[in-house]
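Coordinates in review
Below are the chains, spelled out letter by letter.
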Amino acid sequence: MLLELNSNLAGKYTSGSQTARVITENWVAENIFCPRCGNLHVSHFENNRPVADFYCPECGSQYELKSKNGELLNKITDGAYSTMIDRITNFDNPDFFFMSYSKSDWLVRNFFFVPKHFFTPSIIEKRKPLSPNAKRAGWVGCNILLSAIPSTGRIPIIENGRIFDKSEIMNKIAAADCLIVKDINARGWLFDVLFCVDTIGKTDFTLAEMYKFEGKLAEKHPANRNIKPKIRQQLQFLRDKGIIEFVGKGKYRKVI
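Below, the structure is looked at part by part. Bear in mind the structure is a predicted one, so any value in this text is a computation, not a measurement.

What follows covers the pairing of strand β3 (residues 62-69). In the sheet, strand β2 (residues 54-55) pairs with β3 via two bridges, with the strands oriented antiparallel. When the bridges of β3 are listed, F54 appears paired with Y63. The antiparallel hairpin formed by β2 and β3 contains six residues in its connecting segment, where G60 sits at a positive phi of about 85 degrees.

General note: in soluble globular proteins, nonpolar side chains tend to be found buried as a group. The biggest cluster of nonpolar side chains holds 72 residues, and the ones touching the most others in it are V28, F98, F111, I144 and L235. Dropping the residues within four chain positions of it, F98 is found in contact with K66, L72, I76, N110, F111, F112, V114, F119, I144 and L146.

Moving on: the sheet that holds strand β10 (residues 162-163). Spatially, β1-β2-β3-β5-β6-β9-β10 is the arrangement adopted by the seven strands of the open sheet, whose pairing is mixed. Every interior strand has two partners, whereas the edge strands, β1 (43-44) and β10, have only one. Where strand β6 (residues 107-114) meets strand β9 (residues 155-159), three bridges bridge the pair, whose relative direction is antiparallel. Considered in β9, the bridge of F113 is made with I155.

Time to look at helix α3 (residues 166-177). Relative to the 16 Å expected for 12 residues at 1.5 Å per residue, α3 spans 16 Å between its end C-alpha atoms, a close match to the ideal helical length. For α3, every residue scored as buried is listed here: I169, I173, A175 and A176. Down the axis of α3, the buried side of the element spans an arc of 160 degrees, and every buried residue falls inside it. Buried residues belonging to α3 abut β6 and β9.

Let's shift gears to the packing of aromatic side chains. For the structure on display, the rule yields 13 aromatic pairs. Between F96 and F119 the ring centres are 4.7 Å apart and the planes differ by 25 degrees, which places this aromatic pair in the stacked class. With a gap of 23 residues between them, F96 in strand β5 (residues 95-102) and F119 in the loop between β6 and β7 (124-126) connect regions that are remote in the sequence. For the pair shown, F96 and F119 are each scored as buried. Judged by centre distance (5.5 Å) and plane angle (15 degrees), the ring pair of F205 and Y252 falls under stacked. Highlighted residues: F205 in strand β11 (residues 204-206) and Y252 in strand β13 (residues 251-254), separated in sequence by 47 residues. Since its relative accessible area comes to 2%, F205 is described here as buried.

Quick look at the environment of C142 now. Looking at where C142 falls in the secondary structure, it is placed in strand β8 (residues 141-145). Setting aside residues no more than four positions away along its own chain, C142 makes contact with T77, D78, G79, A80, Y81, M84, I124, E125 and R127.

About the criteria used
Each chain carries its own residue numbering, running from 1 in the direction its sequence is written. Since the coordinates come from a predicted model, pLDDT governs what is reported: local features require at least 70, and pairs of side-chain atoms require 80 or more to be given and counted, while whole-chain, interface and lining totals use all residues. In computing side-chain properties, one takes all heavy atoms of the structure into account and sets aside hydrogens as well as water. Pairing between strands requires that DSSP locate at least two bridges from one strand to the other. Helix numbers and strand numbers start at the N terminus; a helix is a DSSP run of H or I with at least 4 residues, a strand a run of E with at least 2. Grouping buried Ala, Val, Leu, Ile, Met, Phe, Trp, Tyr and Cys residues that are joined through side-chain atoms within 4.5 Å yields what is termed a nonpolar core. Whether a residue is buried, partly exposed or exposed follows from its accessible area with a 1.4 Å probe, protein chains only, as a fraction of its type maximum: under 20%, in between, or over 50%, in that order. Contact criterion: two residues are considered in contact whenever any of their non-hydrogen atoms come within 4.5 Å of each other. Expected helix span is taken as 1.5 Å per residue step, with the number of steps being one fewer than the number of residues. Working definition: the arc comes from the directions between the helix axis and the C-beta atoms, pointing outward to the latter. Between the rings of Phe, Tyr and Trp (Trp by its six-membered ring), a pair exists once the centres lie within 6.5 Å; its type follows the angle of the planes, with under 30 degrees stacked, over 60 edge-to-face, and the other angles tilted.

Structure (structure tokens):
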């Protein structure tokens, strides 16, 4: 895997955004394997599709690429809010690749994979409608809140220039796939609780520490009046899937 982007492609286009898209998509097609089956390459869809940019010719998995010059911080811009929410709800969105690169030297800095089942309404931020004077007046876009995705679902392939081993990447994806839940409400609860585990920031944590998130979880799930039992239920699910382990007397340990 090479970190260099082919900047020679830049001379063919006048639009900066189009240039960046062509260069970054070319790099993915030439360097990235299929995270789902391990096939050596993913293929670029010939025509622009509303859902995905790449597919695996071996297993058929589809991927969408989001790239940015500079650091990927808390959020990244995506398309229409309603379209994204529909895709999440119907579980027909692709998996995502996120890339940060440096335009000054055309090098890939970071590249990570997010499985599609980690997408819930909690990580999609609704943007303000375009002004009445805009060409698409009233159109509402969205941002993907990268910082709200649990760490189990942010699987690094390249991190600060370091290329991860293929087997390590696929093992992390296998662990993340243990958390596939298609029901959007159940999925929302699971990853909201898992994000709370991440927020504590320790390998060992307690049930009492998890209960401190009761108010925030109640805001996200106003229809549920039994937040603490729901927290315990999700912790049990995470324990059964090998993400955390119960060490006794209200104490847990994060395994993955």
